[in-house]
Amino acid sequence: MVHGGAHGLHGRPVPGPEEMIIASALAKDLHIATAESLTGGGVSARLAQTPGASKVLLGGITAYQDEIKSQLVGASAQLIAQQSAVDAEVCAQLAGGVRSKFAVAMGLDESRVIGIATTGVAGPEAVQGKRVGEVFIGIASSSGVKVFGENFEGDRLAIIQATIARCEEVLMEEIELL
């Protein structure tokens, strides 16, 4: 999908972040799996709208409820109970868990799969002492697991959209490293 009709040299459309992610992952024979809480599948949806996504995007789990985070994705139920789901370590476990589960399900070497996860508070109210706009983005790949803490401003939709955009940046940076 080309954003805003932007054109580069010779009048060719400038690719958006989704196209760059898909093309770069495809060139390196990498695949992507997502575990999304506050973004509700938005990262997967943006990637899936992009031509070529079926060769890269393995799928995603919208893990909105804590039981889904622990039972399907593999985050520690005890950690969630102690820290809440809006936590860097929980997010790291979500990214690593979705990477591992999708690699196994697809019969892929885990080194070829990138897992990305989101958790946070989109609002309108704080949750378990976590303020509106507090977000964690986790990414797991052959280079290890990293978590990025973010504090976004705005209403619920603005926070979700900012999180999706930041996930695209994090994915692109990770793919470039691999």
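See the structure printed just above.
Residues numbered from 1 in each chain as written. Predicted model: local features only at pLDDT ≥ 70, side-chain atom pairs only at ≥ 80, totals over all residues. Heavy atoms only, no water.

Caption draft 1: Structural detail: unusual backbone geometry. Residue G123 is joined to P124 through a cis peptide bond whose omega torsion reads 15°. For P124, the position within the fold is in the loop between β3 (113–120) and β4 (134–141). Of note in this structure, D29 is not a glycine but carries a positive phi near 55°. At Q128, a position not held by glycine, the phi torsion is positive, near 45°. Tracing the backbone through its elements, the reader meets Q128 in the loop between β3 and β4. Its relative accessible area of 62% is what places Q128 among the exposed residues. (Helix = DSSP H or I, 4+ residues; strand = E, 2+ residues; numbered from the N terminus. Buried < 20%, exposed > 50% of the residue type's maximum accessible area, 1.4 Å probe, protein only.)

Caption draft 2: Region of the structure containing helix α3 (residues 66–73). If you check which residues of α3 are buried, you get K69, S70 and V73. Looking straight down α3, one finds its buried side chains confined to an arc of 115°; they lie on one side. Its buried side turned inward, α3 meets β1 (31–36), β2 (57–62), α4 (77–83), α5 (88–106) and β3. (Arc of directions from axis to C-beta. Contact = heavy atoms within 4.5 Å.)

Caption draft 3: Summary view of the nonpolar core. Among the nonpolar cores identified, the biggest contains 26 residues, and I21, I32, L47, I116, L171 and I175 are the most heavily contacted of them. Breaking this core down by element, the ones donating at least two residues are α1 (17–27), α2 (42–48), β3, β4 and α6 (156–177). For this core, the element with the highest residue contribution is α6, accounting for 8 residues. Among residues more than four places away in sequence, those in contact with L171 are I21, I32, L47, I114, I116 and I139. (Core = buried A, V, L, I, M, F, W, Y, C linked by side-chain atoms within 4.5 Å.)

Caption draft 4: Examining the pattern of salt bridges more closely. Evaluation of the coordinates by the stated rule reveals 10 salt bridges. Residue R112 pairs with D29 through a salt bridge whose shortest N-O separation is 3.1 Å. Taken together, the residues R112 in the loop between α5 and β3 and D29 in the loop between α1 and β1 connect sequence positions 83 residues apart. On the basis of relative accessible area, R112 is assigned to the partly exposed category, the value being 26%. Measuring nitrogen to oxygen at the nearest pair gives 3.3 Å for the salt bridge that ties R99 to E110. One end of the pair, R99, is in helix α5; the other, E110, is in the loop between α5 and β3, and 11 residues separate them in sequence. Look at E110 and you get partly exposed, because its relative accessible area is 31%. (Salt bridge = Lys/Arg side-chain N within 4 Å of Asp/Glu carboxyl O.)

Caption draft 5: View of the packing of aromatic side chains. Per the counting criterion, the structure on display carries 0 aromatic pairs. Across from the ring centre of F148, 5.1 Å away, lies the NZ or CZ of R166, which sits over that ring. (Phe/Tyr/Trp six-rings, centres within 6.5 Å; stacked < 30°, edge-to-face > 60°. Lys NZ or Arg CZ within 6 Å of the ring centre and 35° of its normal.)

Caption draft 6: Representation of the layout of surface pockets. Taken as a whole, the largest pocket spans an internal volume of roughly 310 Å³. Taken together, 17 residues line the largest pocket, and the ones lying closest to its centre are S37, Y64, V86, G120 and V127. Those elements that place two or more of their residues in the lining of the largest pocket are α3 and β3. Here the lining of the largest pocket is built from residues that sort into 7 nonpolar, 7 polar and 3 charged. (1 Å grid on protein atoms, 1.4 Å probe; cavity = no way out; pocket = protein on both sides within 12 Å on 5 of 7 lines; lining within 4 Å. Points joined across faces, edges and corners; volume = space filled by probe spheres on them. Nonpolar A, V, L, I, M, F, W, Y, C, P; charged D, E, K, R; others polar.)

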